[in-house]
Amino acid sequence: MGNSIVQRNNVKVLGNGSQTIIFAHGFGSDQTAWRPQVASFSSDFRIVLFDHVGAGKSDFSAYSPRRYSSLYSYAEDLLDLCAELKLTKTILVGHSVSGMVSLLAALVEPDCFSQLFFIDASPRYLNDAGYYGGFEQSDLDALYESMSSNYYAWASGFAPIAMATQDRPELAREFANTLTAIRPDIAQAVAKMIFQSDHRAELPRLTVPTVILQASDDIAVPPEVGQYMADKIPSSKLLNIDAKGHLPHISAPDVVTSAIASCLVA
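Residues numbered from 1 in each chain as written. Predicted model: local features only at pLDDT ≥ 70, side-chain atom pairs only at ≥ 80, totals over all residues. Heavy atoms only, no water.

J.: Just checking my understanding: could you explain helix α4 (residues 97–108) for this structure?
T.: Every α-helix carries 3.6 residues per turn, so stepping three or four residues along brings you back to the same face. The end-to-end C-alpha separation of α4 is 17 Å, in line with the 16 Å expected for twelve residues at 1.5 Å each. Across the twelve residues that make up α4, a large majority, ten, are buried. Elements that come into contact with the buried residues of α4 comprise β2 (20–24), α3 (71–84), β4 (90–95), β5 (113–119), α8 (184–195) and α9 (223–232). (Helix = DSSP H or I, 4+ residues; strand = E, 2+ residues; numbered from the N terminus. Expected span 1.5 Å × (residues − 1). Buried < 20%, exposed > 50% of the residue type's maximum accessible area, 1.4 Å probe, protein only. Contact = heavy atoms within 4.5 Å.)

Written out as structure tokens, the structure reads:
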């Protein structure tokens, strides 16, 4: 394996099986978020984990705001990883922003993937005529403002709202820890790039079969967004799962794991 990619994205390969599952984390998170899913799937599947540049134990020196000014660069990284590990026909499970990253990668190299899973993903966060994304521009401007005025205070306030598990504060703390591990300048640039992105036009071009897992009470992704993607992606199905918040793979791991297992195409 080319050291550059392995180090850049802190790539880990584990598990047994002829079929490979790539788990791709969302904003503010890292590959450790997938611990419960790895435990469930590693006996039957080969598992590939990585950290997006700027997150987790990735090589922070590989990050530049210019290079990562759109999701296409993250999609390129994902395709680099597939090329390096000679992966084809993989199952990709993408949380949040990694849903759209995998969509863009699959448009370029559809043979890399046999199936995509989107967990609380969104093609556009801003409301638009005839489209409900959940946010007005003023909401997002306020978010960027509070991130820039005191990033650590913002992270500790945002984590419990995103996790939506008031009865288990340790989960919000875990998310706050991975959020605050990101350099504040990188977190702000990446958040802005994600929240201002619009990939609705790409949805109908996706040919890889896709399963959309949608939790309830998600601060970032309202249920309308899951339905919208299911309507636009030709070979897709929507599962509204019995889980709350934006990180259901952490807050309701068994629900997410069994939803994935039930939809896997042999």
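There is more to say after this.
J.: What exactly am I supposed to notice about the packing of aromatic side chains here?
T.: Both the distance between ring centres and the angle between the ring planes are used here to describe each pair of aromatic rings. Tallied over the entire structure, the rule returns twelve aromatic pairs. Each ring, one from Tyr125 and one from Phe195, has its centre 5.0 Å from the other, and the planes form 75 degrees; the classification is edge-to-face. With Tyr125 in the loop between β5 and α5 (137–149) and Phe195 in helix α8, the pair connects residues that are 70 residues apart, well separated along the chain. Neither Tyr125 nor Phe195 differs from the other in exposure class; each is buried. One aromatic cluster in this structure is built from Tyr151, Tyr152, Trp154, Phe158 and Phe175. For Arg67, the ring lying beneath its charged end belongs to Tyr68, and the centroid distance is 4.9 Å. Its end group placed over the ring of Tyr131, Arg200 keeps NZ or CZ at 4.9 Å from the ring centre. (Phe/Tyr/Trp six-rings, centres within 6.5 Å; stacked < 30°, edge-to-face > 60°. Lys NZ or Arg CZ within 6 Å of the ring centre and 35° of its normal.)

J.: Looking at this structure, I do not really get the pattern of salt bridges. What am I missing?
T.: Applying the stated criterion across every chain yields a total of eleven salt bridges. Put simply, Arg183 and Asp185 hold a salt bridge, and the shortest N to O gap is 2.9 Å. By relative accessible area, which is 37% here, Arg183 ends up partly exposed. Residue classification places Asp185 among the partly exposed positions, given a relative accessible area of 43%. Connected via shared salt-bridge partners are Arg8, Arg67, Glu76, Asp77 and Asp80. (Salt bridge = Lys/Arg side-chain N within 4 Å of Asp/Glu carboxyl O.)

J.: Help me understand the nonpolar core in this model?
T.: Soluble globular proteins tend to bury their nonpolar side chains together. Within the largest apolar cluster, 76 residues are counted, with the highest numbers of intra-cluster contacts made by Phe27, Leu71, Phe113, Phe118, Trp154 and Leu179. Non-local contacts of Phe113, meaning those with residues more than four positions away in its chain, are made with Leu78, Leu79, Cys82, Lys89, Thr90, Leu92, Ala105, Ala106 and Val208. Core analysis: the second largest hydrophobic core is formed by 22 residues, Phe41, Val93, Leu213 and Ile241 among them. (Core = buried A, V, L, I, M, F, W, Y, C linked by side-chain atoms within 4.5 Å.)

J.: Explain helix α7 (residues 169–180) to me, please; I cannot follow it from the model alone.
T.: For α7, built from twelve residues, the straight-helix expectation of 16 Å at 1.5 Å per residue is met to within 8% by its first-to-last C-alpha distance of 16 Å. When α7 is considered as a whole, its buried residues turn out to be Leu171, Ala172, Phe175, Ala176, Thr178 and Leu179. End-on, the buried residues of α7 take up no more than an arc of 165 degrees, which puts them together on one face. For α7, the exposed residues lying more than 90 degrees away from the buried face are Arg173 and Asn177. Those residues of α7 hidden inside the fold are in contact with α6 (151–163) and α10 (248–251). (Arc of directions from axis to C-beta.)

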